[in-house]
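Commentary on secondary and tertiary structure
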Amino acid sequence: VGFAIGLVAAVVGLRKLAEKFHGSPRAKTIRAFAIVGAGIVVFIAMSALLRSVPALTSTVEGSKLRLVVFAVTLIVLMLLRPQGIFAHHEFSWSWVAKLFGRKSPAVEVAA
């Protein structure tokens, strides 16, 4: 839980940095490292805080967490790339044909 909270804080900070900061690449990189560092600090602080709660001290096997890790990975992907993995490029058979150097058939558009 602490990791998820720290990760979300870092992702939100990086999104804000990408949208609003228009400085030099060096300054942008320094700020990105600072945001990731702050996310790690939030993770450590939340982990220590949550570890002190007696109801949350049970152990969980790693294999049972795979679906949780997959879900968190998808959430992070949606936050970082809302346009999707391929962005604005559609995956289709004509796209595959272009990869192999073949011309795609002409597509007619209905009026």
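These notes cover the structure that comes with them. Remember, predicted model here, so these are calculated numbers, not experimental data.

Brief notes about the overall build of the chain
The secondary structure content of the chain amounts to four helices and zero strands. Ordered by position from the N terminus, the helices and strands of the chain form the series α-α-α-α. For the chain, the proportion of contacts with a sequence separation of at least 24, taken over those separated by at least 6, is 55%. A total accessible area of about 9400 Å² is found for the chain, and carbon and sulfur atoms account for 69% of it.

Remarks on a nonpolar patch on the surface
A cluster of nonpolar residues, Phe70, Leu74, Ile75, Leu77, Met78, Leu79 and Ile85, forms a patch on the protein surface that exposes about 660 Å² of accessible area. Among the structural elements, Met78 can be located in helix H3 (residues 66-80).

Some remarks on the environment of Leu17
Turning to its location among the elements, Leu17 is positioned in helix H1 (residues 2-20). Leu17 sits in the buried class, given a relative accessible area of 10%. Here the alpha-carbon distance between Leu17 and Arg31, two residues 14 residues apart in the chain, equals 7.7 Å. Setting aside its immediate chain neighbours within four residues, Leu17 contacts Lys28, Arg31, Ala32 and Ile35.

Observations regarding helix H2 (residues 25-51)
The end-to-end C-alpha distance of H2 is 39 Å, a good match for the 39 Å that 27 residues give at a rise of 1.5 Å each. Considered for burial, the residues of H2 that qualify are Ile35, Gly39 and Ser47.

Cut-offs used in this document
- In every chain, residue numbers begin from 1 and rise along the written sequence.
- At least 70 in pLDDT is required for a residue's local features to be given in this predicted model, at least 80 for side-chain atom pairs to be given and counted, and no such filter applies to totals for whole chains, interfaces and linings, which use all residues.
- Water and hydrogen atoms were dropped before computing side-chain values, which therefore reflect all heavy atoms in the structure.
- Put simply, DSSP H or I for four residues or longer makes a helix, DSSP E for two residues or longer makes a strand, and each gets a number counted from the N terminus.
- For this analysis, residues touch if any pair of their heavy atoms sits within 4.5 Å.
- Using a 1.4 Å probe, accessible areas were evaluated by the Shrake-Rupley method; residue-level cover was limited to the displayed protein chains.
- What goes into a patch is any residue over 30% in relative accessible area without a salt bridge, connected to like charges within 9 Å or, for nonpolar side chains (Val, Leu, Ile, Met, Phe, Trp, Tyr), within 5 Å.
- Whenever Lys or Arg places a side-chain nitrogen within 4 Å of a carboxyl oxygen from Asp or Glu, that contact is recorded as a salt bridge.
- Think of it in three bands: with a 1.4 Å probe and only protein chains considered, a residue is buried below 20% of the maximum accessible area for its type, exposed above 50%, and partly exposed in between.
- A helix is expected to span 1.5 Å for every residue after the first.

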